[in-house]
Structure formats: C-alpha cells, structure tokens
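If you want the building blocks of each chain, they are given just below.
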Amino acid sequence: MTTPTACRMCRGTVIEVLDLGPQPSANAFLAPGSADLEMVYRLAAGICESCTLLQLIDDTPPDLRYSDTYRYEASGSAGARRHFAQVAERLLATELTGADPFIVEIGCNDGVLLDHFARAGVRHLGVEPSKGVAELAMAKGVNVTTEFFGTSTAVDIRERFGRADVVFGANTICSITDIADLMRGVDTLLSDDGVFVFEEPYADTIVRKRAFDQIYDEHVFYFSVRSVQEMAHRFGFELVDAEQIQQHGGEIRYTLARPGTRTLSPMVGMLLFREAEAGLADPVALRAWAADVQNTRTRLVALLENIRAEGHRVVGYGAPAKATTMTNFCGIGPDLLPFICDSTPGKQGRLTPGSHIPVRPRDAFAGDYPQYALLFAWNHAAEIMAKEQEFSEQGGKWIVYVPGVRVI
Ligand code: DWN
Ligand code: ZN
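Cut-offs used in this document
- Residues numbered from 1 in each chain as written.
- Chains lettered and ligands numbered in written order.
- Predicted model: local features only at pLDDT ≥ 70, side-chain atom pairs only at ≥ 80, totals over all residues.
- Heavy atoms only, no water.
- Helix = DSSP H or I, 4+ residues; strand = E, 2+ residues; numbered from the N terminus.
- Buried < 20%, exposed > 50% of the residue type's maximum accessible area, 1.4 Å probe, protein only.
- Polar contact = N/O pair within 3.5 Å; in protein donor to acceptor, adjacent residues only side chain to side chain.
- Phe/Tyr/Trp six-rings, centres within 6.5 Å; stacked < 30°, edge-to-face > 60°.
- Lys NZ or Arg CZ within 6 Å of the ring centre and 35° of its normal.
- Domains from an automatic or database assignment.
- Contact = heavy atoms within 4.5 Å.
- Buried area = accessible area lost by both parts, 1.4 Å probe.
- Salt bridge = Lys/Arg side-chain N within 4 Å of Asp/Glu carboxyl O.
- Near = heavy atom within 4 Å.
- Areas by Shrake-Rupley, 256 points an atom, 1.4 Å probe, with all protein chains shown as cover.
- Nonpolar A, V, L, I, M, F, W, Y, C, P; charged D, E, K, R; others polar.
- Donors = N, O, S within 2.8 Å, 3.2 Å for Na, K, Ca; no water.
- Tetrahedral: all angles 85-135°; square planar, octahedral: opposite > 155°, others 65-115°.

**Re the environment of Thr-261**
Here comes step 1: Relative to the helices and strands, Thr-261 is located in the loop between strand 12 (251-257) and helix 9 (266-278).
Here comes step 2: Overall, the relative accessible area of 37% leaves Thr-261 in the partly exposed class.
Here comes step 3: Looking at Thr-261, its side chain comes within polar contact range of the main-chain oxygen of Arg-258, at 2.6 Å.

**Quick word on the packing of aromatic side chains**
Here comes step 1: Applying the stated criterion across every chain, the model contains 16 aromatic pairs.
Here comes step 2: The interplanar angle of 55° and the centroid separation of 5.3 Å between the aromatic rings of Tyr-66 and Tyr-70 together place this pair among those described as tilted.
Here comes step 3: Given a relative accessible area of 13%, Tyr-66 falls into the buried group.
Here comes step 4: Taking relative accessible area as the criterion, Tyr-70 reaches 12% and is therefore assigned buried.
Here comes step 5: Measuring from ring centre to ring centre gives 6.1 Å for Phe-198 and Phe-223, while their planes differ by 65°; the resulting arrangement is edge-to-face. One end of the pair, Phe-198, is in strand 9 (residues 190-201); the other, Phe-223, is in the loop between strand 10 (221-222) and helix 8 (225-234), with 25 residues separating them in the sequence.
Here comes step 6: Judged by its relative accessible area of 1%, Phe-223 falls in the buried class.
Here comes step 7: Chaining the aromatic ring pairs together yields one cluster made of Phe-196, Phe-198, Phe-221, Phe-223 and Tyr-254.
Here comes step 8: Across the ring face of Phe-329, the terminal group of Arg-297 is positioned such that the distance to the ring centre comes to 4.1 Å.
Here comes step 9: A cation over an aromatic ring shows up here: Lys-322 above the ring of Trp-378, its NZ or CZ 5.8 Å from the ring centre.

**What about unusual backbone geometry?**
Here comes step 1: In this structure, the amide linkage connecting Val-402 to the following residue, Pro-403, adopts the cis form with an omega of 5°.
Here comes step 2: As for its position among the elements, Pro-403 is in the loop between strand 17 (397-400) and strand 18 (406-407).
Here comes step 3: For His-248, which is not glycine, the phi torsion reads 50° and is therefore positive.
Here comes step 4: Within the element layout of this structure, His-248 appears in the loop between strand 11 (238-245) and strand 12.
Here comes step 5: A positive phi is found at His-356, a non-glycine position, where the angle reads about 55°.
Here comes step 6: With relative accessibility at 26%, the residue His-356 sits in the partly exposed group.

**Points about the domain arrangement of the chain**
Here comes step 1: Examined at the domain level, the chain breaks down into domain 1 (5-57), domain 2 (74-262) and domain 3 (284-407).
Here comes step 2: The gap between the C-alpha centroids of domain 1 and domain 3 is 22 Å.
Here comes step 3: Of the residues lining the interface, 22 residues belong to domain 1; the matching set on domain 3 comes to 21 residues.
Here comes step 4: Across the domain 1 to domain 3 interface the summed buried area is about 1700 Å²; carbon plus sulfur atoms make up 69%.
Here comes step 5: On the domain 1 side of the interface with domain 3, the three residues burying the most area are Val-17, Leu-18 and Phe-29, jointly 33% of the side's total.
Here comes step 6: Across the domain 1-domain 3 interface, the total number found is zero salt bridges.
Here comes step 7: The tally of links from domain 1 across to domain 3 stands at seven residue pairs in polar contact (both at pLDDT 80 or more).

**What to know about the site of ligand 1**
Here comes step 1: Near ligand 1, the surroundings consist of 24 residues, among which Glu-218, Lys-322, Asp-342, Lys-347 and Lys-387 are the closest.
Here comes step 2: Ser-343 places a main-chain nitrogen or oxygen 2.8 Å from an oxygen atom of ligand 1.
Here comes step 3: Separating an oxygen atom of ligand 1 from a side-chain N or O atom of Lys-347 is a distance of 2.7 Å.
Here comes step 4: Out of a free accessible area of 710 Å², ligand 1 has 95% covered by protein chains.
Here comes step 5: Those elements that provide at least two residues to the shell around ligand 1 are helix 11 (321-330) and helix 13 (381-387).
Here comes step 6: When residues in the shell around ligand 1 are grouped by element, the largest group, three residues, is from helix 13.
Here comes step 7: A per-class count over the shell around ligand 1 returns nine nonpolar, nine polar and six charged.

**So, the coordination of the zinc ion (ligand 2)**
Here comes step 1: For the zinc ion (ligand 2), every protein donor is listed as Cys-7 (SG), Cys-10 (SG), Cys-48 (SG) and Cys-51 (SG), and the spread of their distances is 2.2 to 2.3 Å.
Here comes step 2: Bound by four donor atoms, the zinc ion (ligand 2) shows angles of 98 to 117° at the metal and therefore tetrahedral coordination geometry.
Here comes step 3: Mapping the donors of the zinc ion (ligand 2) onto the primary sequence gives the spacing C-x2-C-x37-C-x2-C. Per residue, the accessibility class of Cys-7 equals that of Cys-10, and both read buried.

This is the structure in structure tokens:
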C-alpha cells in the first residue's frame, strides 16, 4: 500500500495510508434498474511527506460529483439550520458592518446560510455548480451563479460586483481539487482587509475519532491546522484563526486574512501542538489508524451477521454520503440491511450508490420498527434519537460505529 503520488498542493510525495476499496461517487443515488451505469474508482487516502496534507490518492471528475441532480440538501437537519443561522449572525456583527458589504459563498447548496443575508438585504452571491440545489436556494430569494468556483469565476464576480468582504465555504473547500486555482480566485476576489472563512472536516476527527466514513470522493482533502497554515503561506495569506466547531462530528473553522491585517488567535498554536502530539502527519501513526479502521469493518459486519442469524431485523437510519463509504467498504448490501430510511425527498425511492440498498421515507421505519437501527447519520445522533424516542421506548437499539462499534 505505498503508491507514491504527487501532492495536489506542493507536488511532494503522498504516501498512501488507507485503502477503502472500490467505491462509487458518494451522492450518486441510483434510480432502480440503472445500476449497470455506475462509475467506480479506488477510494484511498495518503499523507503528503512535505506539507502534511491528507488527501485522496485518486479523484473523480468534479462535474460528476456535483451534477445537476446532486442529492444532498444542507437544510435537511435542524442542527445545520441552527448552525448557519449563528454563522450568519456572527458575520453580520463582525465582518459585514461596512456601508455596503458583500459576501460570496463557495458552494452555497440550498442557501441554508445565504438565505439569512438575502433576508437582511445584504449583498451576497452563492457559487453553486449543482443546479438542483442551486434552484432551491434561488427559490428562497438567494442570488446564485450556477458554476464552479475558480480564478476565472472570481475575476468575473469582481468585475460585476466588486471585491468581497467575506469569502465563505462550508464543506466545499476540501472538494476543490485545484488548490492553486482556488486560492488565486480568493486572492482576486477578497478585499484588502477581507477574510476567507471555511469550515471543513478535520483530519483529527477522522483519525482520532475514527470518523473515516468522512472519506469519499467529494472530500479530496482532509485538512489539519498545520496543512491549512502551509496553504495560507503558500498563497500569500495568513491563518489567523482556527476554531473547533461541532458540525459533522467535529470540524475546524479556518479564517485566512492578508498577512498582518488581523490579530493571531492563540487557538492556532494550541491546535498545532495537539496535532503534532496526535501524530496526524506521521505515516506510522496513520497506518495504525488504518488497522483500526479494518477492525471496525470486521466488528460491524460480524454484528450485523449475528443479528440476522438471530432472526432479528436491522435497518439503516440516514443515507448520508458517509453511508456510501461505509456500506461499500464493509460489503453491506440489502441482504444485511433491507433498506435505509432518509428524510431527503431526492434520495427516497432510489438505491444507495454501489451497495444498492433501497432508500425509503422515515414512515417505512416508524411504521414497523425493527429491533436495530444502524445510524449512518451519526453526526445528527442527538437530533435523530430525540425524534425517534418511541423506537427506543419499544426496545429498539441503535448501532453506531464512530468512534467504535457499539449498541445503545
Ligand atoms: O461535506 C458534506 C456534508 C456537509 O454534507 C458533503 N460533502 C455531503 C454531505 O455529507 P453527508 O451526506 O454525510 O451529510 P449529513 O448531514 O450527515 O447527511 C445526513 C443524512 O441523514 C441526510 O441524507 C439527511 C438524513 N437525515 C434523516 O434522514 N433524518 C438527517 C436527519 C437529521 C434526520 O432526522
Ligand atoms: Zn504537499
């Protein structure tokens, strides 16, 4: 498992540390009967020897990942709606206080964040390549340009609207394969004292919390404070803040600014220290993690097989992108998991990518409780368990697998 490959940021050598096997694109939910059209690639991650950026070994074409029929709707959980309301409130109070402020969001999805600026009458623009979710945002009154973000998009936006006080991204910056083009775009668009703020999956959560199901084609990069600091320097910025946030099991919100324009937060140094202690950039430590990942698979499959042998039923709860990684890595198909319930209308009636498990509305779960529910949307556990209290009261058990397999 040591295929050397070139780092997408610094051209250094990437050492492979984890192989999750052949996988389809994570959000390519299938219409029944169309399974033979599936694209499959090898899902493996490696660490750059030079800049420490954890990244995919192979990637999939962006227009395949973010097509017009992209299924994920960011407004789909109360937790996400609450989170982005708070982000908007804070940006309005801190960064967008000038005479006519302007915010650009890279990958605005269904407008869960920008909706707040639209309603506050603040100039904003979402750059969203997936037409389906972009239309949901537009229906809320959000301004959207339906394209990928890069240097040429940034030049165009700057010409039409001027420079931005804030460039924002949530779970989207890690999906932009061409980092140099992204950063030149941000440089073009951002005002002299503006900030580039992005919230992304955290390598530490993926490694130490064993949240390896965050690894899939949409996430090309698994940032750490150290690798983002390197990215900032490389492209003429400074990492001025790194905040731990609770989204998706624990992410970091990075703030980049032009050098010398902002006070440095002590959190940056603190997290750098903790990352070094955790061995986040150490291929040996990462291989030990990869061995643990294999154990999780063995334990989860054994548990599901035992449940089946006992004649009990288990269904999946939530069909996030993470479920694609998990079901394909573990070889979980409809024989072990007859269906997964999910609240997203666009996923219902379809089959999960690769594993071909039918996705059904929540009623299919609540109408006939199984003995066990496998919680793929574990990052929304509190919200889901509160909603499904009756399942637990009737003796139903949840199976979770992050940070390890357990039944609760
Ligand atoms: O990074 C990304 C994040 C922000 O969103 C993207 N690359 C893709 C996507 O990842 P995900 O699919 O893993 O996100 P979620 O938010 O974990 O997805 C939760 C899934 O669970 C959704 O399909 C909705 C579903 N759900 C449900 O059925 N009932 C969620 C809740 C809260 C519920 O009560
Ligand atoms: Zn590198």
